[in-house]
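# Structural overview
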Amino acid sequence: MKRFTISPPMAALLLAIVLFLLSGLLPNSYGSDVNIAIAQATNILRLAVFLGVIAAGQTLVVISGFEGIDLSAGSVVTLTAIVTYVYVNGADEKVFVALLLSLAVGALIGFMNGIGITFLKISPFVMTLGMSGVVTGIVIILNHGNVSGKVAPIMTRVIARPISADIPIPGAIVIWIIFGILMWLLLERTSYGKYLFAIGVNRVTAKLSGVNVTGMNLLTYALAGALAGFGGFLLVGNTGVVLISLGQPYLFPSIAAVAVGGTLLSGGKGSYWGSMAGAILLTLMTSLLTTMQMPEAVRRMVLGATLLLLISIYGRQRALRQ
Amino acid sequence: MKRFSWNGLTARYPALFALTLLVLALGINFLLQPNLFARDTLNSNMRVFLPLVILAAGQAVVILGGGIDISVGGIVSIVNTILATRVGLEGSPAAMWQYVGISLLVGILAGALNGFFVAYLRLQPIITTYATSFLYAGLALFILPNPGGGIPTTASELYRSSVPLGLPLAFYVIAIILFVWGYIRSTRYGNFLFSVGGKAQAAYETAVPVTTIQFSTYVISGLMAAFSGIAITMLSGSGNAEIGSAMTLNSITAVVIGGTALSGGIGGVAGPMLGAITLGFLQNIISFADIDTWWETLAKASIIVAALATPGLINLIRRRRA
């Protein structure tokens, strides 16, 4: 008999759907009104976009293995959000340059992470943690109590508003779908993706097979930084304001989303679909707990317990005896 | 005569780099604050550093065993809130000691829960302890939603101003930990610990009880986190559910500065404790150096990154020359 198996991304997505359907039973939820239900689902998806994009870089770094993790993602998000906010200053024509600037700033920080990790042999956890402190320091100096700037109207229109009056799908979701397809192409249809999984499984064999491991590592961290930078750009387009703590709350959820989506934290196995599903599930749970008016304490405990449960189901590592 | 080899030296004495950093930090601090070595100044510094020193020692044991414990800050918070709510400002010394005992049990229990998931269910340490950190932080917030409560002043005075034989209390605590570690290091358990951290598969094949050792490291870390929570409660004299959250990442930084590799099996406990003291003096230097408040975070983070990068840089330069 074939053993019943379900892939982690599907499991996370199914769980999200079931949870969402169950949430209809809550007294202050959508009840039996389908329109409100769809509106609520759309809204949760829209909120999940930002976590999802920030988790993209995290996915790459985690797949690359060697204890890869990017703890600087949160502070990079804050930095590029502030850079965008200040640079754009309400002008539509500057948005494109601001996007490039966000990507470049993120890539630069990620590249420095990569240098520390590959050449100075600092473990990714500590290197990116230290970098997170440095970037936060830069943010504090830039911010200096207050920043003056403004989000361009076109950003709000594209990111936060529905694409047209007839189709009530926010632009962010469309951006995310395109982004997801691009990530899938990158991971599954390019030599970069092939090499990434190769170095994640085993660096030595990858090197012996002719993969430029050093270059791949630098590129992956730079790319992860750039994607976090893109996350900051999107996020500020949605919120319209910047805070010094804008990005930090996304850091650990981005790692959790990757783990929930079935990407092994030890590297070499995973997908961006999984991280997308993870981001949706985590966002849904957070918003449900808020709707249920749970105190912060209970919210944290439920999140922790769920995360524990999910990784207990499919995050188990190989047994020593084999 | 054998040629001086930095690699050889640091391999044999993992705490050497930490000691160098500490002497450097002490020297700079002494220049800025000439009364640094006066008994009262030393005591007031050391009593502030001690909670992190204890926490770093526990973290070091987990990391030596090849794991990592992100939940230690949560355990510190739980202990702090238990003591602050159950004993109270007007509490009797007997109640205080009773709840100190209970706190230690709670720490062991929390550590055992981590150990169960990581060692017996074989979940990845980072994500598992991240999930339990939500559980513990949530529990702490549940016990004490708003900062408050307290412990009797006699208890906090005992911690703050005992200087037996003219030396701050912290020195004795550190000496005891070092003594116990020295003993453990010489036992069979000590050898097992290093072999599990070095290569779990090889350790398993040579009949080392890998699972039990991994489990035990989390219990030790939980216990040390409880001690750390007791110390920080006696230092502050009051309760705050967020007190431990910043300590987790600091404890990991201290371990790495202390020459204990995050990959496990290399290093010791003395180095991380020195690393924690160094971090404390670093904070001191920054507050005494008249740095503009806006620049403080950047200065501190840059120094930490520089400290982390130094061993790698030395190796890189030596390899170029060779």
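Residues numbered from 1 in each chain as written. Chains lettered and ligands numbered in written order. Predicted model: local features only at pLDDT ≥ 70, side-chain atom pairs only at ≥ 80, totals over all residues.

Let us look at the overall build of chain B. In terms of regular secondary structure, chain B is built from 14 helices and zero strands. Listing every helix and strand of chain B by position from the N terminus yields α-α-α-α-α-α-α-α-α-α-α-α-α-α. Since a compact globule built from 322 residues should have a radius of gyration of about 20 Å, the 20 Å found for chain B is in line with a globular shape. C-alpha atoms of chain B, sized along the principal axes, occupy 65 × 55 × 40 Å. For chain B, buried positions account for 51% of its 322 residues. (Helix = DSSP H or I, 4+ residues; strand = E, 2+ residues; numbered from the N terminus. Rg over C-alpha atoms; globule rule 2.2 N^0.38 Å. Buried ≥ 20, exposed ≤ 12 C-beta atoms within 10 Å, placed from the backbone.)

Attention shifts here to the overall build of chain A. For chain A, the count of helices and strands is 13 helices and zero strands. Tracing chain A from N to C terminus, the helices and strands come up as α-α-α-α-α-α-α-α-α-α-α-α-α. Here the C-alpha radius of gyration of chain A, 20 Å, is about what a compact globule of 322 residues would show, namely 20 Å. Structurally, chain A occupies a C-alpha span of about 60 × 60 × 40 Å along its principal axes. Counting all 322 residues of chain A, 51% fall into the buried class. Taking contacts inside chain A between residues at least 6 apart in sequence as the whole, the part at least 24 apart equals 76%. (Contact = placed C-beta atoms within 7 Å.)

This part covers helix H9 (residues 188-198) of chain B. When H9(B) is considered as a whole, its buried residues turn out to be B:Leu193, B:Ser195, B:Val196 and B:Gly197. Structurally, H9(B) contributes buried residues whose contacts are with helix H3 (39-64), helix H10 (200-205) and helix H11 (210-236) of chain B.

The next thing to look at is unusual backbone geometry. Residue and element names in this part refer to chain A. The phi dihedral of Phe 66 is positive, around 55 degrees, even though this residue is not glycine. Relative to the helices and strands, Phe 66 resides in the loop between helix H2 (34-63) and helix H3 (73-88). Located in the positive-phi region is Asn 89, a residue other than glycine, with phi close to 45 degrees. Within the fold, Asn 89 resides in the loop between H3 and helix H4 (95-118). Of the residues examined, Asn 89 has 14 C-beta atoms within 10 Å and is grouped as partly exposed.

It is worth spelling out the nonpolar core at this point. Judged by nonpolar contacts, the single largest core of 204 residues is most densely connected at A:Val53, A:Leu281, B:Val53, B:Ala56 and B:Met273. Each residue touching A:Val53, except ones within four places of it in the same chain, is listed here: A:Trp176, A:Phe179, A:Leu227, A:Phe230, A:Gly231 and A:Leu234. (Core = buried A, V, L, I, M, F, W, Y, C linked by C-beta atoms within 7 Å.)

Every contact between the two is made by 43 residues of chain B and, on the other side, 43 residues of chain A. No other element matches helix H6 (residues 125-143) of chain B, which puts 13 residues into the side of chain B that touches chain A. The residue inventory of the side of chain B that touches chain A, partitioned by class, reads 31 nonpolar, 10 polar and two charged. (Nonpolar A, V, L, I, M, F, W, Y, C, P; charged D, E, K, R; others polar.)

In this model, chain B carries an average pLDDT of 88, and 96% of its residues clear a pLDDT of 70 or more. Note on the complex model: pTM 0.88, ipTM 0.83. (pLDDT = per-residue confidence, 0-100.)

Before going further, it helps to examine the packing of helix H4 (residues 72-86) of chain B against helix H12 (residues 247-257) of chain B. All names here are of chain B. With their axes 7 Å apart at the nearest point, H4 and H12 run at an angle of 130 degrees to one another. One finds that H4 runs oblique with respect to H12. In the packing of H4 onto H12, the handedness of the crossing is right-handed. Along the contact surface, H4 presents Val 72, Gly 73 and Val 76, while H12 presents Met 247, Thr 248 and Ser 251. Grouping the constituent residues of the contact of H4 with H12 by class yields three nonpolar, three polar and no charged. (Axes fitted to C-alpha atoms, helices over the stretch in contact; angles between N-to-C directions. Parallel < 35°, antiparallel > 145°, perpendicular 65-115°, else oblique. Left-handed = near helix turned anticlockwise from the far one by under 90°.)

Another point: the environment of B:Phe171. All names here are of chain B. Looking at where Phe 171 falls in the secondary structure, it is placed in helix H8 (residues 169-186). Using a count of 16 C-beta atoms within 10 Å as the deciding quantity, one classes Phe 171 as partly exposed. Remark: the alpha-carbon pair of Phe 171 and Leu 50, spanning 121 residues in sequence, is separated by 8.9 Å.

Here we come to helix H11 (residues 251-260) of chain A. Residues and elements named next belong to chain A. H11 sits mainly inside the fold: nine of its 10 residues count as buried. By the burial criterion, the buried members of H11 are Leu 251, Pro 253, Ser 254, Ile 255, Ala 256, Ala 257, Val 258, Ala 259 and Val 260. One or two residues past the end of H11 sits Gly 262, with phi positive at roughly 90 degrees.

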